[in-house]
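Structural overview
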Amino acid sequence: MIIGLGSDLCNIERIQSSLDRFGDRFIDRVFTATERAKAERRTMTRAGTYAKRFAAKEAFSKAIGTGFNQGVFMKDIGVVNLASGAPTLALSGGAKAKLDALTPPGHAVDIHVTLTDDHPWAQAFVILYARKI
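Residues numbered from 1 in each chain as written. Predicted model: local features only at pLDDT ≥ 70, side-chain atom pairs only at ≥ 80, totals over all residues. Heavy atoms only, no water.

What to know about the pairing of strand E5 (residues 121-132)
In plain terms, the rule: In this scheme, strands are said to pair when DSSP sees at least two bridges between them. Counting from the N terminus, the helices are DSSP H or I runs at least four residues long and the strands are E runs at least two residues long.
As judged from the nine bridges shared by strand E1 (residues 2-11) and E5, these two strands associate in the antiparallel manner. In the sheet register, Ile2 faces E5, and the bridge partner there is Tyr129. Two elements, strand E4 (residues 107-118) and E5, share twelve bridges in a ladder whose sense is antiparallel. Following the sheet pairing, Leu115 is matched in E5 by Ala124. Two successive antiparallel strands, E4 and E5, enclose a turn made up of two residues.

What follows is the structure, given as structure tokens:
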């Protein structure tokens, strides 16, 4: 059963402006080391790579129904890739706690993420699917 659904549309140029203005302070506050490593390898699409991950964080916060409140912080939500290459989320702190609280007893949650961009837009969808274990 779907227990959460979120989407976000992010302007890549806005992320580029934040990168230009705040640099590492912005990156360190918002992104995990894994996300940073991926974005920094992609010199031609660096801002777009960050923007897609920013959108995924926003989409997840909508899927759990809290936004960035109640102990949920952007850095608690990290975009990672499965062995297949498909994106998913690695959660910690308040983000993990909120998802755990939403998860029905006897269920595990699969996090489905899709990311796309077409300059100047980046978009993410997150589906939280609870399955019986």
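Having seen the model, we can carry on.
A look at the sheet that holds E1
As a reminder, the rule being used: To obtain each axis, a line is fitted to C-alpha atoms, and for helices this fit is confined to the stretch in contact; angles are then taken between N-to-C directions over 0 to 180 degrees. Throughout, a residue-residue contact means that at least one pair of heavy atoms, one from each residue, lies within 4.5 Å.
An order of E1-E5-E4 is seen for the three strands of this open sheet, with the pairing classed as antiparallel. Here the strands that pair on one side only, and so sit at the sheet edges, are E1 and E4. Across the sheet, the mean angle separating the axes of adjacent strands is 10° when strand polarity is ignored. Strands in contact with helix H4 (residues 46-63) are E1, E4 and E5; relative to E1, the strand with the most contacts, it is inclined by about 145°.

Structural notes on the environment of Ala33
Along the chain, Ala33 turns up in helix H3 (residues 33-41). Put simply, Ala33 and Lys75 are 42 residues apart on the chain and 9.6 Å apart in space, counted from C-alpha to C-alpha.

Some details on the packing of aromatic side chains
Using the following cut-off: Aromatic rings from Phe, Tyr and Trp, taking only the six-membered ring of Trp, are treated as a pair when their centres fall within 6.5 Å; an angle between ring planes under 30 degrees marks them as stacked, one over 60 as edge-to-face, and anything in between as tilted.
Counted according to the given criterion, the structure contains two aromatic pairs. Within the aromatic cluster, the residues linked to one another by ring pairs are Phe26, Phe31 and Tyr50.

Here we look at the pattern of salt bridges
Using the following cut-off: In what follows, salt bridge is the name for a side-chain nitrogen of Lys or Arg lying within 4 Å of a carboxyl oxygen of Asp or Glu. The classification of residues rests on relative accessible area computed with a 1.4 Å probe and restricted to protein chains. Under 20% of the type maximum is buried, over 50% is exposed, and intermediate values are partly exposed.
For the structure shown, the criterion picks out eight salt bridges. Notably, a salt bridge pairs Glu40 with Arg46, separated by 2.9 Å at the nearest N-O pair. The exposure class assigned to Glu40 is partly exposed, which follows from its relative accessible area of 33%. We classify Arg46 as partly exposed; its relative accessible area is 25%. Across the pair Asp110 and Arg131 runs a salt bridge whose closest N-O atoms are separated by 2.8 Å. Of this pair, Asp110 sits in strand E4 while Arg131 sits in strand E5, and the two are 21 residues apart along the sequence. Accessibility expressed as a relative area gives 35% for Arg131, which makes it partly exposed. Through salt bridges that share partners, Asp24, Asp28 and Arg36 make up one connected network.

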